[in-house]
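# Working through the structure, step by step
As a plain string of letters, each chain reads:
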Amino acid sequence: MNHINKIEHLGIAVNDIEQANEVYEKLLGVPPYKQEEVESESVITSFFKVGDSKIELLASTDDEGPIARFIAKKGEGIHHIAFDVDDIQLELDRLEKEGFRLINKVPKPGADNKIIAFVHPKSTHGVLIELCQENTVK
Ligand code: ZN
């Protein structure tokens, strides 16, 4: 079994999801295939397919939400890299043992029918890492 299968998507923090959708539709030549609000994270997301990978746009629905705070600090731009894994809990346990700082020790429901967990950018040279696994419980 692989630890990390592939880059599942790149997350990009944006101020205005509708405006960013238009720009990325122009850039990629396809409209987003899905738009979804994740209330627990105070974000609205939209997803574009790029070959075998995806681009996720994230806009905050709340001035105090994590994306709003990210943009206030760093401006719009790449927010996280998401890796597809077969067994997210196994990977979280492995990474913790390797000394990585986990934001979520237990995975939680994310957008696009995934269960997800984040690894702190302090332990990955400044890049927020998301692990995601297809949620097979529908
Ligand atoms: Zn993501």
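Whatever comes next refers back to the structure up there.
Small disclaimer: the values here were computed from a predicted structure and weren't measured. (Residues numbered from 1 in each chain as written. Predicted model: local features only at pLDDT ≥ 70, side-chain atom pairs only at ≥ 80, totals over all residues. Heavy atoms only, no water.)

Looking now at the pattern of salt bridges. Applying the stated criterion to the full structure yields 10 salt bridges. Among the ionic pairs, E8 bridges to K54, the shortest N-O distance being 2.8 Å. Taken together, the residues span a long stretch of sequence, with E8 in strand β1 (residues 6-13) and K54 in strand β4 (residues 53-60) at a distance of 46 residues. Overall, K54 belongs to the buried group, its relative accessible area being 13%. Its salt-bridge partner being K108, residue E41 comes within 2.4 Å of it at the nearest N-O pair. Here K108 lies in strand β6 (residues 108-109) and E41 lies in the loop between β2 (34-38) and β3 (43-50), a separation of 67 residues in the sequence. Taking relative accessible area as the criterion, K108 reaches 21% and is therefore assigned partly exposed. Residues joined by salt bridges that share partners form a network here, namely E8, K34, E36, K54, D112, K114 and E134. (Salt bridge = Lys/Arg side-chain N within 4 Å of Asp/Glu carboxyl O. Helix = DSSP H or I, 4+ residues; strand = E, 2+ residues; numbered from the N terminus. Buried < 20%, exposed > 50% of the residue type's maximum accessible area, 1.4 Å probe, protein only.)

The subject of this paragraph is the packing of aromatic side chains. Per the counting criterion, the structure on display carries two aromatic pairs. Arranged with centres 6.3 Å apart and planes meeting at 50°, the rings of Y24 and F48 form a pair that is tilted. Placement of Y24 in helix α1 (residues 17-28) and of F48 in strand β3 is noted, with a sequence separation of 24 residues between them. Of the two residues, Y24 and F48, neither departs from the other in class, the shared state being buried. With 6.2 Å between their ring centres and 45° between their planes, Y33 and F47 make a pair best called tilted. (Phe/Tyr/Trp six-rings, centres within 6.5 Å; stacked < 30°, edge-to-face > 60°.)

The next thing to look at is unusual backbone geometry. With phi around 60°, N113 is a residue other than glycine that occupies positive phi space. Locating N113 in the fold gives a position in the loop between β6 and β7 (114-119). Although it is not a glycine, H125 adopts a positive phi angle of roughly 55°. Summarising the element assignment, H125 is placed in the loop between β7 and β8 (128-134).

When a protein is soluble and globular, its nonpolar side chains tend to lie buried together. Within the largest apolar cluster, 10 residues are counted, these being I12, V14, I17, A20, Y24, I44, F48, I55, L57 and A59. Ignoring sequence-local partners within four residues, the contact set of L57 consists of I12, V14, I17, A20, N21, Y24, I44, T45, S46 and F48. (Core = buried A, V, L, I, M, F, W, Y, C linked by side-chain atoms within 4.5 Å. Contact = heavy atoms within 4.5 Å.)

This part takes up the coordination of the zinc ion. Every protein donor of the zinc ion is accounted for by H9 (NE2), E56 (OE), H80 (NE2) and E130 (OE), and the metal-donor separations fall at 2.1 Å. Viewed at the metal, the four donor atoms of the zinc ion are separated by angles of 81 to 165°, and the geometry they form is irregular. Donor residues for the zinc ion, ordered by position in the chain, follow H-x46-E-x23-H-x49-E. Residue E56 is found in strand β4, and its partner H80 is found in strand β5 (residues 77-84); the two are separated by 24 residues along the sequence. Grouping residues by exposure puts E56 and H80 together as buried. (Donors = N, O, S within 2.8 Å, 3.2 Å for Na, K, Ca; no water. Tetrahedral: all angles 85-135°; square planar, octahedral: opposite > 155°, others 65-115°.)

What follows concerns the environment of L128. Tracing the sequence through the fold places L128 in strand β8. Under the relative-accessibility criterion, L128 is labelled buried at 13%. For the pair L128 and H79, spaced 49 residues apart in the sequence, the C-alpha separation amounts to 6.8 Å. Dropping the residues within four chain positions of it, L128 is found in contact with H79, H80, I81, I103, F118, V119 and P121.

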